[in-house]
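# An overview of the molecular structure
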Amino acid sequence: MLDPDRPATIPFGIASFRLAGFMLWPFGRTTVVRDDAGAPSCVGNVIWLVFAGWWLALGHILTSIPLFLSIIGIPFGWANLKMVPVSLTPLGRDIVSTDRGFGAR
């Protein structure tokens, strides 16, 4: 059933823009799995994982390693590691703001 609040569009394009926005400013935001994501999201995530997801995740892991070597790069290294799960399976996820600021645990 189509939701009028979520128009029927190209899901991989929406996922790409979601990744770009999250990568542009990951601080104070996190990803959550949508409850209404069903089988099409699962199939799309498998296709995404095979063709693009594992390359993106590997790139984020490899670029986080040199960032952790400097004091200034540590927050950006954490931001790269936050991108690994969402770059593996971006469909069926939403990006939401957190109440905690960066570094507050």
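The following refers to the structure shown. (Residues numbered from 1 in each chain as written. Predicted model: local features only at pLDDT ≥ 70, side-chain atom pairs only at ≥ 80, totals over all residues. Heavy atoms only, no water.)

The contact between helix 1 (residues 11-24) and helix 2 (residues 39-67) brings their axes to 12 Å, and the two run at 25 degrees. The angle between the axes of helix 1 and helix 2 places the two elements in the roughly parallel class. Between helix 1 and helix 2 lies a crossing whose hand is right-handed. Taking contact as the criterion, the partners of Phe12, Ala15, Ser16, Leu19 and Met23 in helix 1 are, on helix 2, Gly44, Ile47, Trp48, Leu56 and His60. For the contact of helix 1 with helix 2, a count of residues per class yields seven nonpolar, three polar and no charged. (Axes fitted to C-alpha atoms, helices over the stretch in contact; angles between N-to-C directions. Helix = DSSP H or I, 4+ residues; strand = E, 2+ residues; numbered from the N terminus. Parallel < 35°, antiparallel > 145°, perpendicular 65-115°, else oblique. Left-handed = near helix turned anticlockwise from the far one by under 90°. Contact = heavy atoms within 4.5 Å. Nonpolar A, V, L, I, M, F, W, Y, C, P; charged D, E, K, R; others polar.)

For the structure on display, the rule yields two aromatic pairs. For the ring pair Trp54 and Trp55, a centre distance of 4.6 Å and an interplane angle of 35 degrees mean the geometry is tilted. With relative accessibility at 40%, the residue Trp54 sits in the partly exposed group. Ring geometry for Phe68 against Trp78: centres 5.5 Å apart, planes inclined by 85 degrees, an arrangement best described as edge-to-face. With Phe68 in the loop between helix 2 and helix 3 (74-88) and Trp78 in helix 3, this pair connects stretches of sequence that are 10 residues apart. Classification of Phe68 by relative accessible area gives partly exposed; the value is 27%. Taking relative accessible area as the criterion, Trp78 reaches 41% and is therefore assigned partly exposed. (Phe/Tyr/Trp six-rings, centres within 6.5 Å; stacked < 30°, edge-to-face > 60°. Buried < 20%, exposed > 50% of the residue type's maximum accessible area, 1.4 Å probe, protein only.)

Every α-helix winds through 3.6 residues per turn, so residues three or four apart in the chain are directed the same way. For helix 2, with 29 residues, the first-to-last C-alpha span of 37 Å runs short of the 42 Å given by 1.5 Å per residue. Maximal helix bending in helix 2 amounts to about 65 degrees, located at Leu49. Taken residue by residue, helix 2 has Ser41, Gly44, Asn45, Trp48, Gly53, Ala57, His60 and Ser64 as its buried positions. If you follow the buried residues of helix 2, they end up packed against helix 1 and helix 3. (Expected span 1.5 Å × (residues − 1). Bend = angle between axes of the 7 residues up to and from the residue.)

A word on the nonpolar core. By size, the foremost hydrophobic cluster in this structure holds seven residues: Ala15, Leu19, Phe22, Trp48, Met83, Val86 and Leu91. Secondary-structure elements contributing two or more residues to this core are helix 1 and helix 3. The element contributing the most residues to this core is helix 1, with three residues. If near-sequence neighbours (up to four positions away) are discounted, Ala15 is found in contact with Trp48, Pro90 and Leu91. (Core = buried A, V, L, I, M, F, W, Y, C linked by side-chain atoms within 4.5 Å.)

Another aspect to go through is the packing of helix 2 against helix 3. A pair of packed helices is characterised by two quantities: the angle between their axes and the separation of those axes. It is at 8 Å that the axes of helix 2 and helix 3 come closest, and there the two elements cross at 170 degrees. Taken as axis vectors, helix 2 and helix 3 run roughly antiparallel relative to one another. Across the interface between the two elements, Asn45, Trp48, Leu49, Gly53, Trp54, Leu56, Ala57, His60, Ile61, Thr63, Ser64 and Leu67 of helix 2 pack against Ile74, Phe76, Gly77, Asn80, Leu81, Met83, Val84, Ser87 and Leu88 of helix 3. Of the residues assigned to the contact of helix 2 with helix 3, the class counts are 13 nonpolar, eight polar and no charged.

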